[in-house]
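Listed here are the chains, written in short residue letters.
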Amino acid sequence: MTSVRRAAALLVASLLVLAAAAQAQAAGYRYWSFWDRSGDRWTYATQGPAAERPDDGSVQGFRFAVSADSSDANRPRGAADFGSICAKTPAKAGTKRVALVLDFGTRADAPSGETPPATRTVCARVAPDASTAEALAEAAKPLRYDSNALLCAIAGYPARGCGEQVAADEKPSRKAVPKDDGPSLGLPLGIGVVAVLGGGAFWQARRRRNA
């Protein structure tokens, strides 16, 4: 019976270590994430806005929030239909139109002392080879970048800060929502580790009983 208790204690201790590690990894960063729109779905962009060269009729989004990585990032909210966003911006020869959804996030994600503006949509008319960054500069000034070319502010928000880390106990709590960029491997991996630890504890206890 003592061996079983020791095995159970080992399992509990291992679970506590896993929980502590998960909490440490829960810390995130406060930043503008960049998204592509395909049909009715948002997908986390695979390249930065300076490298992305959207086609005429594209819809792209930006969301300011606290997140750890792409699997944890919140998508832009609100309407994201090109026809509606660019309805008052007629097509013009020698240019292209890019619809932008700018979601400034929530109060919980805002830096201390700042209030996020309401989500807005804008239609940028730019040169045919313009990047998303150029479309953003055309429609949502002022922009702010850091020395590493990281986008820090859109339309002047936030007024300060740039990709700063947020401690786990400061990170806003969120309801689980489906993501467009695939599942996170964190939860399955954790379950697998717990299963291995549990099995090891069981066989250790059994071996001691039979000794």
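Above this text is the structure in question.
Residues numbered from 1 in each chain as written. Predicted model: local features only at pLDDT ≥ 70, side-chain atom pairs only at ≥ 80, totals over all residues. Heavy atoms only, no water.

J.: For this particular structure, what's the right way to read the state of the cysteines?
T.: Working definition of a disulfide: a covalent bond connecting the sulfur atoms of two cysteines. Per the counting criterion, the structure on display carries two disulfides. In this model cysteine 86 forms its disulfide with cysteine 123; the gap between the sulfur atoms is 2.0 Å. The sign of the 100° torsion about the S-S bond sets the cysteine 86-cysteine 123 disulfide as right-handed. With cysteine 86 in the loop between helix H2 (82–85) and strand E4 (96–103) and cysteine 123 in strand E5 (residues 120–126), this pair connects stretches of sequence that are 37 residues apart. Classification of cysteine 86 by relative accessible area gives buried; the value is 3%. You can call cysteine 123 buried: its relative accessible area is 17%. The disulfide bridge from cysteine 152 ends at cysteine 162, spanning 2.0 Å between sulfur atoms. An S-S torsion of about -75° defines the bridge between cysteine 152 and cysteine 162 as left-handed. With cysteine 152 in strand E7 (residues 151–153) and cysteine 162 in the loop between E7 and strand E8 (165–166), this residue pair connects regions lying 10 residues apart in the sequence. Looking at cysteine 162, the relative accessible area reads 25%, which means it is partly exposed. Counting only the cysteines that form disulfides, in the order they appear in the chain, gives the pairing 1-2, 3-4. (Disulfide = S-S within 2.5 Å. Helix = DSSP H or I, 4+ residues; strand = E, 2+ residues; numbered from the N terminus. Buried < 20%, exposed > 50% of the residue type's maximum accessible area, 1.4 Å probe, protein only.)

J.: Even after reading the chapter, I still don't get helix H3 (residues 132–139), so can you show me in this structure?
T.: For an α-helix the count is 3.6 residues per turn, leaving residues at separations of three or four pointing the same way. Among the residues of H3, those classed as buried are Thr132, Ala133, Ala135 and Leu136. End-on, the buried residues of H3 take up no more than an arc of 160°, which puts them together on one face. Contact partners of the buried residues in H3: strand E1 (28–38), strand E3 (58–67), E4, E5, strand E6 (144–145) and E7. (Arc of directions from axis to C-beta. Contact = heavy atoms within 4.5 Å.)

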